[in-house]
Amino acid sequence: MTDSNSAATAVPELTLNNGVTIPQLGFGVFQIPPEETRISVTQALATGYRHIDTAAAYRNEAGVGAALAESGLAREELFITTKLRNGEQGNTRAAFEASRKALGLDWIDLYLIHWPVPSQGLFTQAWKEMESLYAEGLIRAIGVSNFLAPHLDELLANSTVVPAVNQIELHPSLQQSELAAKSRSHGIAVQAYSPLGQGQDLDNQVIAELAANYDATPAQVVLAWHLGTGNIVIPKTVTPERMRENLAAAKIQLSDNDLQRISALENGHRIGADPAVAAFTQM
């Protein structure tokens, strides 16, 4: 198995379209219970993660904030992402301030519209408020999540600031390659959530064979594929050993041929909701 000593693991950084740099491998806290989040984020920071991804809808921002406050790390060393709840798109500034207060931070590094919810017709209004917060220096970069091509087109036609990131479900069996290419063509970085297919992609025979070839775990191989194809990736785990294992994926460089072998595993299997119709409020 690839050495999971995090002290020797340098996480690559990507430069977003406004010049802000983001660690390409981060730590996600989706589905981590609020009471466990402080402990998990504390462990992640101790392991070497500096990019933490949360959301108001996860109801664990306060736990993230507590871990950050207790870490002793300089604010400038950290990259913190949170997201606007669907039901608050008409009240973006107040929602942002609530997230900032829960996190205990003077500014947020990346703030995303969590879902477009096209049936509401509010995401362009929300974006204009985010542009104002960005102009005021309260957010270092603004972006979107789960935006499909029509949503990006509508946003780009009604905005001044091009999103820095589009965070989408992306793993070997659902790569959304056309959407990723469209995002990148506008200078929008692609960030993958559910990067391991919530574990479903790890049993694939190709992944298992490559893991043996690289003396790595299946999860490390999939994360190395994300890094090698230019995705920002935010795996989630509450297990310290898995945290170390995931971080150590940054040491693995897959060959072009092996990257292509994993890219050939696309089968269109979506795990999460369809952004074209998703309309839950998250409240």
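On a predicted model such as this, the values are computed, not experimentally measured, just so you know. (Residues numbered from 1 in each chain as written. Predicted model: local features only at pLDDT ≥ 70, side-chain atom pairs only at ≥ 80, totals over all residues. Heavy atoms only, no water.)

Caption draft 1: The pairing of strand β8 (residues 165–169), seen in detail. Of all five residues making up β8, five are buried, and the element is well covered by its neighbours. Pairing of strand β7 (residues 139–145) with β8 involves two bridges; the strand directions are parallel. By the bridge assignment for β8, S145 is matched with Q167. Taking the sense of rotation as the criterion, the β-α-β connection linking β7, helix α5 (residues 149–157) and β8 turns out right-handed. Summarising the sheet, β8 and strand β9 (residues 189–193) pair through five bridges and their orientation is parallel. Counted as the bridge partner of E169 is Y193 from β9. Crossover β8 to β9 through helix α6 (residues 177–185) is right-handed. (Buried < 20%, exposed > 50% of the residue type's maximum accessible area, 1.4 Å probe, protein only. Helix = DSSP H or I, 4+ residues; strand = E, 2+ residues; numbered from the N terminus. Pairing = 2+ DSSP bridges. Right-handed = clockwise from strand over helix to strand, strands pointing away.)

Caption draft 2: View of the packing of helix α7 (residues 205–213) against helix α10 (residues 256–263). For the pair α7 and α10, the least separation of the axes is 9 Å and the interaxial angle reads 155°. Overall, the two elements α7 and α10 adopt an arrangement that is roughly antiparallel. Once α7 is placed against α10, the crossing between them reads as left-handed. Each of V206, I207, E209 and L210 in α7 lies in contact with α10, whose residues at this interface are D258, R261 and I262. (Axes fitted to C-alpha atoms, helices over the stretch in contact; angles between N-to-C directions. Parallel < 35°, antiparallel > 145°, perpendicular 65-115°, else oblique. Left-handed = near helix turned anticlockwise from the far one by under 90°. Contact = heavy atoms within 4.5 Å.)

Caption draft 3: Structural detail: helix α3 (residues 92–103). Over its 12 residues, α3 runs 16 Å from end to end, which matches the ideal 16 Å to within 8%, given 1.5 Å per residue. Every buried residue belonging to α3 is among T92, A95, F96, S99, R100 and L103, and all of these are buried. Take α3 and look down its axis: the buried residues cluster within an arc of 135°, on one side only. Looking at the packing, one finds that the buried side of α3 touches α2 (61–71), β5 (79–84), β6 (108–113), α4 (123–135) and β7. Trailing α3 by a residue or two, G104 shows a phi angle of about 70°, which is positive. (Expected span 1.5 Å × (residues − 1). Arc of directions from axis to C-beta.)

Caption draft 4: Quick peek at the packing of aromatic side chains. In total, this model carries five aromatic pairs according to the counting rule given. Ring geometry for F27 against Y49: centres 5.5 Å apart, planes inclined by 55°, an arrangement best described as tilted. Residue F27 is located in strand β3 (residues 27–28), and its partner Y49 is located in the loop between α1 (34–47) and β4 (51–53); the two are separated by 22 residues in the primary sequence. Between F30 and Y58 the ring centres are 5.2 Å apart and the planes differ by 50°, which places this aromatic pair in the tilted class. Residue F30 is found in the loop between β3 and α1, and its partner Y58 is found in the loop between β4 and α2; the two are separated by 28 residues along the sequence. (Phe/Tyr/Trp six-rings, centres within 6.5 Å; stacked < 30°, edge-to-face > 60°.)

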